[in-house]
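# A closer look at the structure
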Amino acid sequence: QKEVEQDPGPLSVPEGAIVSLNCTYSNSAFQYFMWYRQYSRKGPELLMYTYSSGNKEDGRFTAQVDKSSKYISLFIRDSQPSDSATYLCAMPAGGTSYGKLTFGQGTILTVHP
Amino acid sequence: DTAVSQTPKYLVTQMGNDKSIKCEQNLGHDTMYWYKQDSKKFLKIMFSYNNKELIINETVPNRFSPKSPDKAHLNLHINSLELGDSAVYFCASSPSGDTQYFGPGTRLTVL
C-alpha cells in the first residue's frame, strides 16, 4: 500500500464548477499537508499548505484536513480554464528528514469553457 | 530572475552514455533535492542535500551520483544510461525542509 493515495483522474469539468480533489494517507506521522499545482511541462508549484485539521481558505481554493480519517481535500470554487493542471498532494515526513516529501500520484484536471 | 533553474531542459541520448543535469538556486536556501517524475506523473524523491551534505538517498541505482559544489548548486550525473531512466527530473530547494520550490524540469529521453 502506498503511503499517499490519490485518484489520478483525469477529471474534466465545465467552467464554473466546484472541483473536489482528494488524497488519503496511511502514515500517522504526517502532520503537514500540501497541495502543489503542476502545469503541463512545468515544475510543481506550492498552492496551499496546512497543518491542523479543519479548513483553510485562499481565494477560490479551500484545503481541508481530517486527521482522524487520514483524508485531505482541495476544493476549487468557480473553476476556470486556467485551473487546468495536475494537482498533487504532498506530505513531509517532518522531524530530521529535511522535508522528504511523499507525493500522491496527482490528479489531472481539465476545466473546459 | 529564475529562482530554481535547470540545464538542459531537454536531453536525448543513447543507452550506455553518461550525462549530467545541472541545478542552481538563487533563493539562498540550505536544502536542495532531486526528484524523478515518471510517465504517469508520479513524483519521487531521489536525493536531498543540506549545506552540501547528503541527507537523503532513496533507493537509487549507483549509476546516479549527485554532487553539490556549493549551497546554491546540486548537479546530477548519470552513468550508463538505461531506457528506464527516461523521465522528467526536477530539482527543488527549500529554506526549511518542508516548503519546496521546484525547477522547470529536465526531460530525459534514452533511446
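Quick summary incoming for the structure in this document. (Residues numbered from 1 in each chain as written. Chains lettered and ligands numbered in written order. Predicted model: local features only at pLDDT ≥ 70, side-chain atom pairs only at ≥ 80, totals over all residues. Heavy atoms only, no water.)

## Considerations on the overall build of chain A
Operational definition: Each helix is a run of H or I in the DSSP string that is no shorter than four residues. Each strand is a run of E no shorter than two, and both are numbered from the N terminus. As a reference, a globule follows 2.2 Å times the number of residues to the power 0.38, and the radius of gyration itself is taken over C-alpha atoms. Burial classes: relative accessible area under 20% of the type maximum marks a residue as buried, over 50% as exposed, and values in between as partly exposed (1.4 Å probe, protein chains only). When checking whether two residues touch, look at their non-hydrogen atoms; a contact exists if any pair is within 4.5 Å.
On a plain count of helices and strands, chain A comes out with zero helices and eleven strands. Taken from N to C terminus, the helices and strands of chain A fall in the order β-β-β-β-β-β-β-β-β-β-β. A globule of 113 residues ought to have a C-alpha radius of gyration of about 13 Å, and chain A, at 14 Å, matches this closely. Overall, the C-alpha framework of chain A stretches about 45 × 30 × 25 Å when taken along its three principal axes. Per-residue burial for chain A yields a buried fraction of 42% across its 113 residues. Once local pairs closer than 6 in sequence are excluded, the contacts in chain A between residues at least 24 apart make up 53%.

## Remarks on the interface of chain B and chain A
For clarity, the threshold we go by: We define buried area as the total accessible area lost by two parts upon association, computed with a 1.4 Å probe and summed across both. By definition, a salt bridge exists where a carboxyl oxygen of Asp or Glu is found within 4 Å of a side-chain nitrogen of Lys or Arg. Pairing of N or O atoms within 3.5 Å defines a polar contact, subject to two protein rules: one partner must be a possible hydrogen donor and the other a possible acceptor, and residues neighboring in sequence count only if both atoms are side-chain atoms. As a working rule, the residues Ala, Val, Leu, Ile, Met, Phe, Trp, Tyr, Cys and Pro are called nonpolar, Asp, Glu, Lys and Arg charged, and the rest polar, with Gly in that last group.
Each partner contributes to the interface: chain B provides 24 residues, whereas chain A provides 21 residues. Carbon and sulfur atoms make up 56% of the surface buried where chain B meets chain A, a total of about 1,900 Å² over both sides. In terms of surface lost to chain A, no three residues of chain B exceed Lys-41, Phe-42 and Asp-98 of chain B, which account for 29% of the buried area on that side. At the junction of chain B and chain A, the tally comes to zero salt bridges. Connecting chain B to chain A are two residue pairs in polar contact (both at pLDDT 80 or more). A per-class count over the side of chain B that touches chain A returns eleven nonpolar, eight polar and five charged.

## Quick word on the state of the cysteines
Residue and element names in this part refer to chain A. Just so we agree on the cut-off: By convention in this document, the label disulfide applies to cysteine sulfur atom pairs within 2.5 Å.
The final tally for this structure, using the stated rule, is two disulfides over all chains. Residue Cys-23 pairs covalently with Cys-89 via a disulfide, S to S 1.9 Å. Between Cys-23 and Cys-89 the disulfide shows an S-S torsion of about -100°. By sign, it is left-handed. In this pair, Cys-23 sits in strand β3 (residues 19-25) while Cys-89 sits in strand β9 (residues 85-92), placing the two residues 66 residues apart along the sequence.

## Some remarks on the nonpolar core
The cut-off we apply is this: The set of buried Ala, Val, Leu, Ile, Met, Phe, Trp, Tyr and Cys residues whose side-chain atoms join them within 4.5 Å is what this entry labels a nonpolar core.
Among the nonpolar cores identified, the biggest contains 24 residues, and Trp-35, Ile-72, Leu-74 and Tyr-87 of chain A are the most heavily contacted of them. Of all elements in the fold, only β3, β4 (33-38), β5 (45-50), β7 (61-66), β8 (71-76), β9 and β11 (107-112) of chain A reach the threshold of two or more residues within this core. Core analysis: the next-biggest nonpolar cluster, separate from the first, contains 20 residues, Leu-11, Trp-34, Leu-74 and Leu-81 of chain B among them.

## Some remarks on unusual backbone geometry
Of note, the amide linkage connecting Thr-7 of chain B to Pro-8 of chain B takes the cis form, showing an omega dihedral of -5°. Relative to the elements of secondary structure, Pro-8 of chain B occurs in the loop between β1 (4-7) and β2 (10-13). Unusually for a residue other than glycine, Asp-78 of chain A sits at a positive phi of about 45°. Relative to the elements of secondary structure, Asp-78 of chain A occurs in the loop between β8 and β9. Of note in the backbone geometry, Ser-80 of chain B takes a positive phi value of approximately 45° without being a glycine. Along the chain, the position of Ser-80 of chain B falls in the loop between β8 (73-78) and β9 (87-94). A residue is classified by how much of its surface remains accessible, and Ser-80 of chain B, at 37% relative accessible area, is partly exposed.

## A look at the sheet that holds strand β7 (residues 64-70) of chain B
All names here are of chain B. Our working definition: In short, DSSP must find at least two bridges between two strands for them to pair. Geometry is summarised by axes, namely lines fitted to C-alpha atoms with helices restricted to the contacting stretch, and by angles between N-to-C directions that run from 0 to 180 degrees.
Judged by pairing direction, the sheet is antiparallel, and its four strands sit side by side in the order β1-β3-β8-β7 without closing on themselves. Of all strands in the sheet, those with a lone pairing partner are β1 and β7, marking the two edges. Looking at each pair of strands side by side, their axes are set apart by 20° on average, direction ignored. Two strands pair when backbone bridges link them, and strand β3 (residues 19-25) and β8 are joined in this way by four bridges, in the antiparallel orientation. Looking at the pairing, Ile-21 lines up with Leu-76 of β8.

Don't take any of this as a statement about function, it's just geometry.
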